[in-house]
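Inside the fold
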Amino acid sequence: MTPDTDLQKFRWGELGRFTHLFNQVNGISDSEKAFDVEFMGEFLSQPSCRPEENCYLAISQGDLVGFVLIAPERPISRAVGSGGVLDSHRGQGIGRKLLRTAIEHAESLEATVLHIAALSEGTHAQLLLESEGFLPIKSYWQLSRRGGEASGGELPEGFSLRSFELDRDEEGLTRLQNAAFGRSWGFCPNTVEEIWARVRLKRCDPEGIILVTNGNLLAGYNWTLRASSEAGSVGWIAMTGVHPDYRSRGLGRAVVGAGIEYLRAKKVDAIELEVDADNRLATELYLKLGFSRVGQTVWYEKSLA
């Protein structure tokens, strides 16, 4: 790291500059995916985030040039890191300093592992992670879909679809999500407080969280998100889950199809998602529903003392 570069913890007074840095580092400036200051404020205000404790900024000559955000997941003894450095300031040791700070911070949180995702293969980020003792542990496919109706299939008798309702379904969705993903790699059980905050994010429309019901019971769900700007619009299938008691009945295909049709009705230009590359049933389902593979995310792991 150059002598004139310093690290400091995030301060809320830097929210505007941090939002600009975040968009640049992630290559989404001037796109429909770019965060505005309002959404960034909501995102960082989620209960588990606490950026004033868990986010470090790299500052060079008064400018923000990089960051790392560490998300603690105490119930499963892990931490998840994300961040990066502006292209114009790479090769100066800033990324390595941020990464080592993330490791130290994760250790202070008493996490046993630190996970960080890197896009594609052979990138600078992957080479840096490997040089600091991280090992590739998991891959996710990035999928995209444009146009066309989705044949999601019919629900079995006794099941129906409805949208999420604020101040009614937070606890039920929390229980359903924890049951659906309880054995999935890297999943940390959610709290009602966390779900309460997420369903109220700017990019989340309760109408776009579609629930499969069996009487008064929640059997599955498809959680969509949406963003738009002058550059266009994009939708995401953020989470899809079916309760273990209701699997192998075609509920997943039906509710994903409903999520796709909801987003199409909102006139999004594309629908995107990530899926575990090892989850054959899920990858085959999404490909049959018109998604195409456009990239890959590799998750790296470092065991901590």
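Structure's up top.
A short tour of the structure in this document, coming up. Model, not experiment: these values are computed from the prediction.

1. Quick notes on helix α4 (residues 94–108)
- For α4, with 15 residues, the first-to-last C-alpha span of 21 Å sits near the 21 Å given by 1.5 Å per residue.
- Taken together, the buried positions of α4 are Ile94, Leu98, Leu99, Thr101, Ala102, Ile103, His105 and Ala106.
- Looking at the residues trailing α4, positive phi occurs at Glu110, about 65 degrees.

2. Description of the pattern of salt bridges
- Applying the stated rule across the entire model yields 20 salt bridges.
- Between Glu261 and Arg264 there is a salt bridge; the shortest N-O distance is 2.9 Å. Residue Glu261 and its partner Arg264 are located together in helix α8 (residues 251–265), separated by 3 residues, close to a single helical turn.
- Judged by relative accessible area, Arg264 falls into the partly exposed class, the value being 29%.

3. Here we look at the pairing of strand β12 (residues 292–303)
- Note that strand β5 (residues 113–119) and β12 share 7 bridges and pair antiparallel. Bridge pairing in β12 places Ala118 opposite Val298.
- Across 9 bridges, strand β6 (residues 135–145) lies against β12 in antiparallel orientation. Note on β12: the bridge partner recorded for Ser144 is Ser292.

4. So, the packing of α4 against helix α5 (residues 124–131)
- Contact pair α4 / α5: the axes reach a minimum separation of 11 Å and the direction vectors enclose 50 degrees. Taken together, the axes of α4 and α5 are oblique relative to one another. Pair α4 / α5 crosses with right-handed handedness. Contact residues: Gly95, Arg96 and Leu99 in α4; Leu128, Leu129 and Ser131 in α5.
- Taken together, the residues that form the contact of α4 with α5 break down as 3 nonpolar, 2 polar and 1 charged.

5. Focus on the packing of α8 against helix α9 (residues 280–288)
- Between α8 and α9, whose axes approach to 11 Å, the crossing angle comes to 45 degrees. On the basis of the axis angle, α8 is oblique to α9. Seen along the crossing, α8 lies across α9 with a hand that is right-handed. Facing Gly252, Arg253 and Val256 of α8, the residues of α9 in contact are Leu285, Tyr286 and Lys288.
- Residues that form the contact of α8 with α9 fall into these classes: 3 nonpolar, 1 polar and 2 charged.

6. Thoughts on the layout of surface pockets
- Taken as a whole, the second largest pocket encloses approximately 270 Å³ of empty space.
- Around the second largest pocket sit 14 residues that line it, and Gly172, Arg175, Asn216, Leu217 and Leu218 are the ones nearest its centre.
- Those elements giving two or more residues to the lining of the second largest pocket turn out to be α6 (170–181) and β9 (217–229).
- Looking at the lining of the second largest pocket element by element, the count peaks at 3 residues for α6.

7. Remarks on the environment of Arg146
- Counting through the fold element by element, Arg146 comes out in the loop between β6 and β7 (159–163).
- Along the sequence, Arg146 and Thr174 sit 28 residues apart, while their C-alpha atoms lie 30 Å from each other.
- Other than its neighbours up to four places away in sequence, Arg146 contacts Asp269 and Ala270.
- Polar contacts involving the side chain of Arg146 include one to the main-chain carbonyl oxygen of Asp269, which spans 3.1 Å.

Rules behind the numbers
- Residues numbered from 1 in each chain as written.
- Predicted model: local features only at pLDDT ≥ 70, side-chain atom pairs only at ≥ 80, totals over all residues.
- Heavy atoms only, no water.
- Helix = DSSP H or I, 4+ residues; strand = E, 2+ residues; numbered from the N terminus.
- Expected span 1.5 Å × (residues − 1).
- Buried < 20%, exposed > 50% of the residue type's maximum accessible area, 1.4 Å probe, protein only.
- Salt bridge = Lys/Arg side-chain N within 4 Å of Asp/Glu carboxyl O.
- Pairing = 2+ DSSP bridges.
- Axes fitted to C-alpha atoms, helices over the stretch in contact; angles between N-to-C directions.
- Parallel < 35°, antiparallel > 145°, perpendicular 65-115°, else oblique.
- Left-handed = near helix turned anticlockwise from the far one by under 90°.
- Contact = heavy atoms within 4.5 Å.
- Nonpolar A, V, L, I, M, F, W, Y, C, P; charged D, E, K, R; others polar.
- 1 Å grid on protein atoms, 1.4 Å probe; cavity = no way out; pocket = protein on both sides within 12 Å on 5 of 7 lines; lining within 4 Å.
- Points joined across faces, edges and corners; volume = space filled by probe spheres on them.
- Polar contact = N/O pair within 3.5 Å; in protein donor to acceptor, adjacent residues only side chain to side chain.

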